[in-house]
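# Descriptive analysis of the structure
Here is how the chains run, residue by residue.
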Amino acid sequence: KKIVFKTKISTVRRQHNALGLKGCVMKMLQEKGLDYRVVICGASIVTSMVKGGCAVTGLYHTPPRMRGIVTAQFFETFESGELLITSGRRSLQHFNEKHGVTTMELNDANLQTLTEYLQKTLNPDPLVRRPAEKFLESVEGNQNYPLLLLTALEKSQDEVIRVCSAVTFKNYIKRNWRIVEDEPNKISDADRSAIKANIVNLMLTSPEQIQKQLSDAISIIGREDFPQKWPDLLTEMVTRFQSGDFHIINGVLRTAHSLFKRYRHEFKSNELWLEIKLVLDTFAQPLTELFKATIDLCQTHATDVNALKVLFSSLTLISKLFYSLNFQDLPEFFEDNMETWMTNFHNLLTLDNKLLQTDDEEEAGLLELLKSQICDNVALYAQKYDEEFQPYLPRFVTAIWNLLVTTGQEVKYDLLVSNAIQFLASVCERPHYKHLFEDQNTLTSICEKVIVPNMEFRSADEEAFEDNSEEYIIRDLEGSDIDTRRRAACDLVRGLCRFFEGPVTAIFSGYVNSMLTEYAKNPAVNWKHKDAAIYLVTSLASKAQTQKHGITQANELVNLSEFFVNHILTDLRSPNVNEFPVLKADAIKYVMTFRSQLPKEQVLETVPLLVAHLRAESTVQHTYAAHALERLFTMRGANNSTLLSAAEISPFTDQLLSNLFNALAIPGSTENEYIMKAIMRSFSLLQETIVPYVPTLIGQLTQKLLLVSKNPSKPHFNHYLFESLCLSIRITCKANPASVGSFEEALFPVFTEILQNDVQEFVPYVFQVMSLLLEIHTNTIPSSYMALFPHLLQPVLWERTGNIPPLVRLLQAYLEKGGATIATSAADKIPGLLGVFQKLIASKANDHQGFYLLNSIVEHMPVDSITQYRKQIFILLFQRLQSSKTTKFIKSFLVFINLYSVKYGAIALQEIFDDIQPKMFGMVLEKIVIPEVQKVSGQVEKKICAVGITKILTECPAMMDTEYTKLWPLVLQALIGLFELPEDDSIPDDEHFIDIEDTPGYQTAFSQLAFAGKKEHDPIGDAVSNPKILLAQSLHKLSTACPGRVPSMLSTSLNAEALQFLQGYLQAASVQLV
């Protein structure tokens, strides 16, 4: 809703000669269709407060010789706005300072300044780098900032600055492009339009390094704006295919790939189908033509290695685009052109161009990357469109089989081999391809020539195990080894077992036995044979698996327990934990994988052995040991209790805790998230057993916290560290609440440093731990907390969405423990507290947090301390109801007004409503309480509403003696509905809230600490145990006060079913109405 206009005042004056300056401006606003009130301030500034709300986002200095160009950009926001008319620099600066509006002009001086700061952000010295980063962060809200970055990128002579500008620009777009509801638009519309008008051309004419950054930026913008707000993006890109310049063409293809790859994981929806249809209509034909033309060019330039490199890069990108555009469904266009694509894919798959082969054993070459992608493409068709793809399948099975048996063991072929095996795995799982694999010789050949060779532990794997342990663990433990040969071979075994479990198990049993025999001959030399045997058994036995339980369904033809006793325990029991680390890691992983299949005695037997392996020098080995212990400690037995009890583990406590904390000192594991998670889980399982150890451990945890707060780089490690702190506090203070002081003594110095240095990642955690500590205190707030209270209300803290939930909870703890203290010693801070509430209530994402705070204020603050603010609170709530009524807001609003009724009485509630506007109380009952109370969810929330409405019905004279009386039976019926009807959880279609976690931008998302969790609080407590009985007793009391009236209102206005429920309440309470 933006209106942009420029005009010279002299022009308007000529047209409306007699009007004068003020009249001219009013006339202009009138012509633009704006309702207005204009105030003249001084000779050259006009400030207009425009009804409906608008604000200036762009201001331009105009030379004195021009009589004054009026430039304003109006958009809907808040409640006031400005229109500036100026012909002098000073008046413009004055206006900017007064109203906080800034524009960075596109001039050489600003460009020079920006370049200097970009240079400083590359400085290794944090004292130089951080202030520069802070400066850029502080000016990125200014208009023209992104355009200055693009100008630096385009015009700078320094290649480093150009790349730095491109990266900074991409990150700026990533943080700010998305427009979030209830939050200010961080990039002006003028800048958005200028960026979209220039970025594609700039990207295509930039060197490849910069091109990649800008391509990413285009895809981020495209995610938000394409196609609705950027309809010409695709046509602009497609026309560049005609350029014949493959630097430009590859830029287009790279951008299209980053734009369309999200189709691979988006949920199906009409919007998605429409977008893909639009893309196919514009893009599919030109892409097919480009594919054919590029293949022709490959033949033309068959001997020119440099040309081939560029062309094969294009073919790989085209193949990736094919995958994205075909992922959701088989498009009609590609079905009609399947012959073209598949014939060429098959030719490329069987192509062997010596010029494109590389000597590098590690890095995949262009040929391997292209063939890998083609394997992916045909696997997609074999899985999803098997009927249409059937005529082409046999030739691809043959081609890929030949590829597998002729490709070497070098690392550069890993992606190609794993994708090729995955293709076979996806084919052999389909019932109507079963016949291709039925022959015993075929199965033996696959096992011998494809599976076994690709399960071997290569020297490259050994290097990764020893020298790149973090990468090895991520691949092996977390399943990101999707592209490894071993994982693909494992998937192929599973696929073959689906129809041929018996024959495949028999073939592999022979291999496993021969491998173990080879190992036994000379373990020191042949240990890799045992490694392959364990992996083969694992892949053979695993049918179904979950992260939580490990293998949940096993191949019954494999005796897991027997293999464990004969081949796994021997490695675990070995006295030298540092001998054969790969086999030790295999043994630990076997326990972890089959933990749900092994008997409990065997699982328990491994615990002290795993504790011993925490001392291993190998990072992989002690990490696996920590991870295995953590997984075993979470296993569930009967009655949902842990399978291993604290009593069973407590004999190992000393060694367990000592080895875990010592492992954190081993180089390479100082911030090992698996070890920290195992510490957290050990605390959780052992509970009060750890109390004697806590004084020592809390010192070590605090030291670790101080260390990592200098440069937080491992989010999971940090999270489990804070969880472990919370567990220490909970467990110790449960046994001895007075010990909370010693925790504060240990933690507050570190917390102070974190808050003073504004370590953004840790601030939300600190607030959660402080809430936990404060909640343990009895009903007073220590002075150390009160000193911090004013700082918690500073607006800057509330700008970060990640801070909001923990800060609200901390303020609730302050109110709960010291509402009276705040009212007496910090009364001047109450407006600040209410200011926080006002900010939160204005946001759809955070309004519920505003209500949490408000409910705590009502519950815990002394009545007279907030009397003067009550009316304003309600006015703010009504304004929000008027401007943006959502289901979430209404539910919170209902809980609040009923809590108010419980706390201050129904009369006070009725009076404050009617004081704001006559008959308002009736309107709220009729329009909100009666129709919406059914939507309230949560036991405590429902109880508050039930008690509050009961008070309105039975303790508010206006409900019996005024025009509100007609609403009385309807309110009662709504209350009985709240008791008896299922919750109304419907939400209107137009309400789509953004999740706090999804807000974009340079902000730490909020991560809830599980062990800092807050017990659900019931403000009514034991005063009312059963709201139905309370209703019956209150109605009895009311009917005694006005005999005859209540039964007559019930009999004439309440429906039969509700009346029947009510009779049940009266009987249960042993009362009757008179």
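This structure is a prediction, so every number in the text was calculated from the model and none was measured. (Residues numbered from 1 in each chain as written. Predicted model: local features only at pLDDT ≥ 70, side-chain atom pairs only at ≥ 80, totals over all residues. Heavy atoms only, no water.)

This part is about the overall build of the protein. Counting its regular elements, the protein contains 50 helices and six strands. Per-residue burial for the protein yields a buried fraction of 53% across its 1074 residues. Across the protein, contacts joining residues at least 24 apart in sequence account for 73% of those joining residues at least 6 apart. Of the roughly 47900 Å² of accessible surface on the protein, a fraction of 51% belongs to carbon and sulfur atoms. (Helix = DSSP H or I, 4+ residues; strand = E, 2+ residues; numbered from the N terminus. Buried < 20%, exposed > 50% of the residue type's maximum accessible area, 1.4 Å probe, protein only. Contact = heavy atoms within 4.5 Å. Areas by Shrake-Rupley, 256 points an atom, 1.4 Å probe, with all protein chains shown as cover.)

Before going further, it helps to spend a moment on the environment of Val947. Within the element layout of this structure, Val947 appears in helix α45 (residues 939-954). For the pair Val947 and Pro1027, spaced 80 residues apart in sequence, the C-alpha to C-alpha distance is 6.2 Å.

Relative to the elements of secondary structure, Arg870 occurs in helix α41 (residues 863-883). Buried Arg870, no salt bridge; nearest opposite-charge side chain is Asp864, N-O distance 7.9 Å. (Lys, Arg positive; Asp, Glu negative; His and termini not counted. Salt bridge = Lys/Arg side-chain N within 4 Å of Asp/Glu carboxyl O.)

Attention now goes to a negative patch on the surface. A grouping of Asp359, Asp360, Glu361, Glu362, Glu363, Glu463, Glu466 and Asp467 is seen on the molecular surface, where their side chains present a negatively charged patch. Position of Asp467 among the secondary structure elements: in helix α21 (residues 459-467). The class of Asp467 is exposed, set by a relative accessible area of 65%. (Patch = residues over 30% accessible without salt bridge, like charges linked within 9 Å, V, L, I, M, F, W, Y side chains within 5 Å. Charge placed at Lys NZ, Arg CZ, Asp CG, Glu CD.)

If you walk through the whole model with that rule in mind, you get 44 aromatic pairs. On the basis of an interplanar angle of 75° and a centroid distance of 5.9 Å, the ring pair of Tyr381 and Phe389 is categorised as edge-to-face. Ring centres 4.8 Å apart and planes at 55° place the aromatic pair Tyr590 and Phe594 in the tilted group. A single burial state applies to Tyr590 and to Phe594, both of which are buried. (Phe/Tyr/Trp six-rings, centres within 6.5 Å; stacked < 30°, edge-to-face > 60°.)

This part covers the pattern of salt bridges. Overall, the coordinates contain 42 salt bridges when judged by the stated rule. One salt bridge connects Lys196 with Asp225, and the closest N-O pair in it is separated by 2.8 Å. In this pair, Lys196 is assigned in helix α8 (residues 189-204) and Asp225 in helix α9 (residues 208-225), connecting sequence segments 29 residues apart. Here Lys196 falls in the buried class, since its relative accessible area comes to 15%. Arg262 is paired through a salt bridge with Glu275; the nearest N and O atoms lie 2.5 Å apart. Residue Arg262 is located in the loop between α11 (246-260) and α12 (270-300), and its partner Glu275 is located in helix α12; the two are separated by 13 residues in the primary sequence. The class for Glu275 is buried, based on a relative accessible area of 10%.

Before going further, it helps to examine the confidence of the model for the protein. Residue-level pLDDT values for the protein average 86, and 87% of them are 70 or greater. Confidence drops under pLDDT 50 across residues 992-1003; counting only partners more than four residues distant or on other chains, this segment forms 29 contacts. (pLDDT = per-residue confidence, 0-100.)

In the segment running from Phe226 into Pro227, the intervening peptide bond is cis, with an omega of 0°. Tracing the sequence through the fold places Pro227 in the loop between α9 and α10 (233-239). Although it is not a glycine, Gln687 adopts a positive phi angle of roughly 50°. Position of Gln687 relative to the elements: it lies in the loop between α31 (673-686) and α32 (694-709). Exposure remark for Gln687: the relative accessible area of 28% places this residue in the partly exposed category. Phi is positive for Asp758, close to 50°, though the residue is something other than glycine. Residue placement: Asp758 occurs in the loop between α34 (740-756) and α35 (763-776). For Asp758, a relative accessible area of 27% corresponds to the partly exposed category.

Two elements in contact, helix α36 (residues 783-792) and helix α38 (residues 804-825), have axes separated by 11 Å at closest approach and are oriented at 115°. In terms of orientation, α36 lies roughly perpendicular with respect to α38. For the crossing formed where α36 meets α38, the hand is left-handed. For the pair α36 and α38, the contacting residues are Tyr785, Met786, Leu788, Phe789 and Leu792 in the first and Leu807, Leu810, Leu811, Tyr814, Thr821, Ile822 and Ser825 in the second. Looking at the contact of α36 with α38, its residues break down into ten nonpolar, two polar and no charged. (Axes fitted to C-alpha atoms, helices over the stretch in contact; angles between N-to-C directions. Parallel < 35°, antiparallel > 145°, perpendicular 65-115°, else oblique. Left-handed = near helix turned anticlockwise from the far one by under 90°. Nonpolar A, V, L, I, M, F, W, Y, C, P; charged D, E, K, R; others polar.)

Further remarks concern the environment of Ile173. Relative to the assigned elements, Ile173 resides in helix α7 (residues 159-176). Of the residues examined, Ile173 reaches a relative accessible area of 0% and is grouped as buried. Sequence separation of Ile173 and Ile220 is 47 residues, and the distance between their C-alpha atoms is 7.2 Å.

Residue pairs three or four apart in sequence face the same way in an α-helix, which turns once every 3.6 residues. In this model, α7 (18 residues) spans 26 Å end to end at C-alpha, consistent with the 26 Å of a helix rising 1.5 Å per residue. When you tally the buried positions in α7, you get 13 out of 18 residues, the bulk of the element. The N-terminus of α7 is capped by Asp158, whose side-chain oxygen sits 2.9 Å from the backbone nitrogen of Val160. (Expected span 1.5 Å × (residues − 1). Polar contact = N/O pair within 3.5 Å; in protein donor to acceptor, adjacent residues only side chain to side chain.)

Moving on, we get to the environment of Ala420. Within the fold, Ala420 resides in helix α19 (residues 414-428). Leave out the neighbours within four places in its chain, and Ala420 touches Cys375, Ile400 and Leu404.

Across soluble globular proteins, nonpolar side chains have a tendency to be buried as a group. The biggest cluster of nonpolar side chains holds 340 residues, and the ones touching the most others in it are Phe283, Phe423, Tyr814, Phe893 and Trp968. Top element by residues in this core is helix α23 (residues 485-521). It accounts for 16 residues. (Core = buried A, V, L, I, M, F, W, Y, C linked by side-chain atoms within 4.5 Å.)

Structurally, Thr288 can be placed in helix α12. Side chain to side chain, Thr288 and Trp341 meet in a polar contact 3.4 Å long. The residues contacting Thr288, other than those within four sequence positions of it, are Phe333, Phe334, Thr340 and Trp341.

Packed helices, taken two at a time, are described by their axes: the angle between them and the distance between them. Running from N to C, α9 and α11 point in directions that differ by 40°, and their axes come no closer than 8 Å. The element α9 and its partner α11 pack so that their crossing is right-handed. The residues of α11 that touch α9, namely those facing Glu208, Gln211, Lys212, Ser215, Asp216, Ile218, Ser219, Gly222 and Arg223, are His247, Gly251, Arg254, Thr255, Ser258 and Leu259. Residue composition of the contact of α9 with α11, by class: two nonpolar, eight polar and five charged.

Here the structure, examined in full by the defined rule, presents zero disulfides. Take Cys428: it sits in no disulfide, and the sulfur closest to it among the cysteines is that of Cys497, at 9.3 Å. In this structure Cys428 comes out as buried when scored by relative accessible area, which is 1%. (Disulfide = S-S within 2.5 Å.)

This paragraph deals with α38. Given a rise of 1.5 Å per residue, 22 residues ought to cover 32 Å, yet the end C-alpha atoms of α38 are separated by just 25 Å, more than 12% below that figure. The largest bend in α38 is about 95°, located at Gly818. Of all 22 residues making up α38, 17 are buried, and the element is well covered by its neighbours. (Bend = angle between axes of the 7 residues up to and from the residue.)

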